[in-house]
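If you want the building blocks of each chain, they are given just below.
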Amino acid sequence: MTDVGTRFPIIELLLVDDSFAEELADMPDPQQVWFDLLTAAEASPEHVDAMVSIWWQSGGERQPFAEWWEENKDTLREP
């Protein structure tokens, strides 16, 4: 995953976001969620980058990632 930042800019930001890491770790199956997120990014990088960027850039006002994921995981998988 050496080129994550160049291929998936939002994923690079998530990797250094401690609050995201804590939220992800608290989810029932964090490894599967991360895998699903990366798989979606592989299939449609611009789509996933745009969707996740909107959530991430909400900063302190963003909804918890687990809630956002439940609302958006199916849409992320769409091209």
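Residues numbered from 1 in each chain as written. Predicted model: local features only at pLDDT ≥ 70, side-chain atom pairs only at ≥ 80, totals over all residues. Heavy atoms only, no water.

Considerations on the pattern of salt bridges
Working step 1: Inspection of every chain in the model, using the stated rule, returns two salt bridges.
Working step 2: In this structure, the salt-bridge partner of Asp17 is Arg62, at a minimum N-O distance of 3.0 Å. Taken together, the residues span a long stretch of sequence, with Asp17 in the loop between α2 (9-15) and α3 (18-25) and Arg62 in the loop between α5 (45-56) and α6 (65-76) at a distance of 45 residues.
Working step 3: According to the relative accessible area criterion, Arg62 is buried, its value standing at 15%.
Working step 4: Note that Lys73 and Glu70 form a salt bridge whose closest N and O atoms lie 3.2 Å from each other. You can see Lys73 and its partner Glu70 sitting in helix α6, three residues apart, about one turn around the helix.
Working step 5: You can call Glu70 exposed: its relative accessible area is 52%. (Salt bridge = Lys/Arg side-chain N within 4 Å of Asp/Glu carboxyl O. Helix = DSSP H or I, 4+ residues; strand = E, 2+ residues; numbered from the N terminus. Buried < 20%, exposed > 50% of the residue type's maximum accessible area, 1.4 Å probe, protein only.)

As for the nonpolar core
Working step 1: Residues Leu37, Val52, Phe65 and Leu76 are the most contacted members of the largest nonpolar core, which totals 21 residues.
Working step 2: Of all the secondary-structure elements, those providing two or more residues to this core are α2, α3, α4 (30-43), α5 and α6.
Working step 3: It is α4 that provides the largest number of residues to this core, a total of six residues.
Working step 4: Discounting chain neighbours no more than four positions away, the residues touching Phe65 are Phe20, Glu23, Leu24, Met27, Val33 and Trp55. (Core = buried A, V, L, I, M, F, W, Y, C linked by side-chain atoms within 4.5 Å. Contact = heavy atoms within 4.5 Å.)

Section: the packing of α3 against α4
Working step 1: Remark: α3 packs on α4, axes separated minimally by 8 Å, with the N-to-C direction vectors making an angle of 120°. Between α3 and α4, the angle falls in the class oblique. When α3 is examined against α4, the residues Phe20, Leu24 and Ala25 are found in contact with a partner set consisting of Pro30, Val33 and Trp34.
Working step 2: Residue composition of the contact of α3 with α4, by class: six nonpolar, no polar and no charged. (Axes fitted to C-alpha atoms, helices over the stretch in contact; angles between N-to-C directions. Parallel < 35°, antiparallel > 145°, perpendicular 65-115°, else oblique. Nonpolar A, V, L, I, M, F, W, Y, C, P; charged D, E, K, R; others polar.)

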